Amino acid sequence: MTGGPGTGKTTIVSAVTRLYGQLGLQVLLAAPTGRAAKRLAEVTGHAASTIHRLLEYSWVQGGFARNASTPLAADAVVIDEASMLDVHLAAHLLRAVPDAATFVLVGDVDQLPSVGPGNVLRDVIESGGVPVVRLREVFRQAKESLIVENAHRVNGGEMPREAGEGREGADFFFIEEADPARCADLIVELCRERIPRRFKLDPIQDIQVLSPMQRGVLGVQNLNERLQEALNPPDGGPMLPIGGRAFRRGDKLIQIRNNYEKNVFNGDIGVVERVDPGEGALWAAFDGETVEYTAGSLDEVVHAFAVTVHKSQGSEYPAVVVPLHTQHFPMLQRNLVYTALTRARRLAVFVGTKKALAIAVKNARVRRRWSRLAERIRAGAGLPALARDETIPAETGEDGAI
């Protein structure tokens, strides 16, 4: 099942889960990341977990306890945010799904593909070997949002529509500025003053900056330094230096890989509660749970005032601020803009140049990933082989986007 924002994917998953429950059948919900799993549980009211936790990953055994010989106890397995699923994890997952169970992939096929190899959701859909439901209708409440409307416009190769003068309740804005340094200044100003004042949002908890790249004036690294100084300036308290950065109380950080012992997962965002330079440790709060990081685990967290669009997959934020400039040229693609825009629930603000936006919207090329999954599904279903264009142009590298 695939569809864009506002088309009812979550509503259908909730309904299917309830129906299975009423029939006395067991349904398991999971998502590739901890943050996506938590959101799935919140919106469905049904327990959900990461795929790794569902498959009972063991650090001691170095693998999954759930497999073909010890399958999951389920009548149906539903995987949300399936665009993030890579071929390796999908293979382990399918081995653990009982042969008699229903297996459902749910996701937005037009978002960025998985960080890992393959493009599972797209290949499954393109194979024609399994039933596919495409949700296209945007429902009335969602139609009132420029975020939703513009997500569909971008996905169709059209430029986003801006709010008219004086329009109340507008949730999408584009601030045009050609100078990268001035763009960075505007982003700091938006996060520190303008958005909190107008929309009554907390600058650290509610606003997330999403950049296409790690490096450069408008990259994640520089923006994190600027935003840390603006939103959480030094107050004379202790600081914990790590490499070229320093953590202090009140800093926003992100977990960059799954840690089952600490119960924090890739993409989880928290706030530093305390640092102890003498012990070389810090304590951070994730959804009310305090997690300790010592010298051996500090490389699992980085500052998160700004993160890459890739790292935001599977997450939603009340407000997003997105720099988009021609200096991001290697990353200017339609699915990147689409993914960034659909991370926002209440407000999306783009800062940069219309030229960069136009380049991205027109660039629908997706790098072909040669996993041969679609061909294998078709062969298994007894269908003829797909015709392939062997001259697909190579995509420019991601410049350390992850």
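In what follows, the structure referred to is the one given above.
Computed from a predicted structure; not experimentally measured.

### As for the sheet that holds strand β6 (residues 76-79)
- Taken together, the 4 strands give an open sheet; going across it, the order is β3-β2-β6-β7, and neighbouring strands pair in parallel fashion. The sheet terminates laterally at β3 (48-50) and β7 (102-105), the two strands that pair on one side only. Mean inter-strand twist for the sheet, computed between neighbouring axes without regard to direction, equals 25 degrees.
- By the bridge criterion, 3 bridges tie strand β2 (residues 27-31) to β3 in an arrangement that is parallel. Residue pairing in the sheet places A31 in a bridge with T50 of β3.
- Across the sheet, helix α2 (residues 34-44) lies against β2 and β3, angled at about 175 degrees from β3, the strand it touches most.

### Comments concerning empty space enclosed by the protein
- Evaluation of the coordinates by the stated rule reveals 2 cavities of 30 Å³ or more.
- Its volume calculated, the second largest cavity comes out at about 30 Å³.
- A breakdown of the residues in the lining of the second largest cavity according to their chemical character gives 6 nonpolar, no polar and 1 charged.

### Details of the side chain of D251
- When you line up the elements, D251 lands in the loop between β12 (245-248) and β13 (252-255).
- There is no salt bridge for the buried D251, and the closest opposite charge comes from R248, which lies 4.5 Å off by N-O distance.
- A polar atom in the side chain of D251 sits 2.8 Å from the side chain of Q228.
- Within polar-contact distance, the side chain of D251 engages the side chain of H303 at 3.0 Å.
- Residue contacts for D251: discarding those within four places in its chain leaves Q228, N232, A246, G270, V271, V272, H303 and F305.

### Observations regarding the packing of aromatic side chains
- Inspection of the entire model under this criterion finds 4 aromatic pairs.
- The interplanar angle of 75 degrees and the centroid separation of 5.2 Å between the aromatic rings of Y57 and F64 together place this pair among those described as edge-to-face.
- Residue F64 is classed as buried on the basis of its relative accessible area of 15%.
- On the basis of an interplanar angle of 65 degrees and a centroid distance of 6.5 Å, the ring pair of F173 and F199 is categorised as edge-to-face. Of this pair, F173 sits in strand β9 (residues 172-176) while F199 is found in helix α8 (residues 180-199), placing the two residues 26 residues apart along the sequence.
- Over the ring of W283 we find R274, and its NZ or CZ is 3.8 Å from the ring centre.
- When the ring centre of W370 is taken as reference, the NZ or CZ atom of R368 above it lies at 5.9 Å.

### Examining the pairing of strand β16 (residues 289-293)
- Sheet topology note: the strand β15 (residues 281-286)/β16 ladder contains 5 bridges and is antiparallel. When the bridges of β16 are listed, A285 appears paired with T290.
- Following β15, the chain reverses through 2 residues before pairing antiparallel with β16; D287 in that reversal takes a positive phi of roughly 50 degrees.

### Some remarks on the environment of T17
- Along the chain, T17 falls in helix α1 (residues 9-22).
- For the pair T17 and R376, spaced 359 residues apart in the sequence, the C-alpha separation amounts to 30 Å.
- Here T17 is in contact with V27, L29 and H46, once residues within four sequence places are set aside.

### Some remarks on helix α7 (residues 146-155)
- Taken together, the buried positions of α7 are L146, I147, V148, N150, A151 and V154.
- Its side-chain oxygen at 3.1 Å from the backbone nitrogen of I147, S145 defines the N-terminal cap of α7.
- Immediately beyond the C-terminal end of α7, within one or two residues, lies G157, with a positive phi of roughly 85 degrees.

### What to know about the environment of G34
- With respect to the helices and strands, the residue G34 is situated in helix α2.
- Note on G34: relative accessible area 3%, which makes it buried.
- With 19 residues separating them along the chain, G34 and R53 place their C-alpha atoms 9.4 Å apart.
- Filtering out sequence-adjacent residues up to four positions away, G34 remains in contact with T50, F265, N266 and D268.

### Things to note about the nonpolar core
- Formed by 32 residues in total, the largest nonpolar core has its most connected members in L210, V320, L324, V337, L341, A348 and F350.
- Listing elements by their share of this core, those giving two or more residues are α7, β9, β19 (317-324), α10 (334-341), β20 (344-352) and α11 (354-362).
- Of the residues forming this core, the biggest block, 5 residues, is contributed by α10.
- The residues touching L341, leaving out its near neighbours within four places in the chain, are I147, N150, A151, F172, A348 and F350.

Rules and cut-offs
Note on numbering: residues in each chain are counted from 1, in written sequence order. Per-residue local features are limited, in this predicted model, to residues with pLDDT of at least 70; the limit for side-chain atom pairs, both in listing and counting, is 80 or more; totals at the level of whole chains, interfaces and linings are taken over all residues. As a rule here, side-chain values cover all heavy atoms of the structure and leave hydrogens and water aside. Any two strands between which DSSP finds at least two bridges are classified as paired. Numbering of helices and strands starts at the N terminus; helices are DSSP runs of H or I of at least 4 residues and strands are runs of E of at least 2. Under this scheme, a helix contributes an axis fitted over its contacting stretch, all axes are lines through C-alpha atoms, and angles between N-to-C directions fall in the 0 to 180 degree range. By definition, residues are in contact when any of their heavy atoms lie within 4.5 Å. For cavity detection a 1 Å grid was placed over the protein atoms alone, and a set of points counts as a cavity when a 1.4 Å probe fits there but cannot get out; an open set counts as a pocket when protein lies on both sides within 12 Å along at least five of seven lines, with lining residues being those that have an atom within 4 Å of a point. Grid points are joined across faces, edges and corners, and a volume is the space filled by probe spheres set on the points. For this scheme, ten residues count as nonpolar: Ala, Val, Leu, Ile, Met, Phe, Trp, Tyr, Cys and Pro. Four count as charged, namely Asp, Glu, Lys and Arg, and the remainder, Gly too, count as polar. Partly exposed residues are those whose accessible area sits between 20% and 50% of the maximum for their type, while under 20% is buried and over 50% is exposed, using a 1.4 Å probe and protein chains only. Counting rule applied: Lys, Arg positive; Asp, Glu negative; His and chain ends not counted. We define a salt bridge as a side-chain nitrogen of Lys or Arg found within 4 Å of a carboxyl oxygen belonging to Asp or Glu. In protein, a polar contact means a hydrogen-donor-capable atom and an acceptor-capable atom, both N or O and within 3.5 Å, with residues adjacent in sequence counting only if both atoms are side-chain atoms; elsewhere, any N or O pair within 3.5 Å suffices. Note on aromatic contacts: the rings of Phe and Tyr and the six-membered ring of Trp form a pair at centre separations within 6.5 Å, being stacked when their planes are under 30 degrees apart, edge-to-face when over 60 apart, and tilted otherwise. The rule for a charge over a ring is simple: NZ of Lys or CZ of Arg within 6 Å of the ring centre, and within 35 degrees of the ring normal. Here, the term nonpolar core denotes a set of buried Ala, Val, Leu, Ile, Met, Phe, Trp, Tyr and Cys residues that are joined through side-chain atoms within 4.5 Å.

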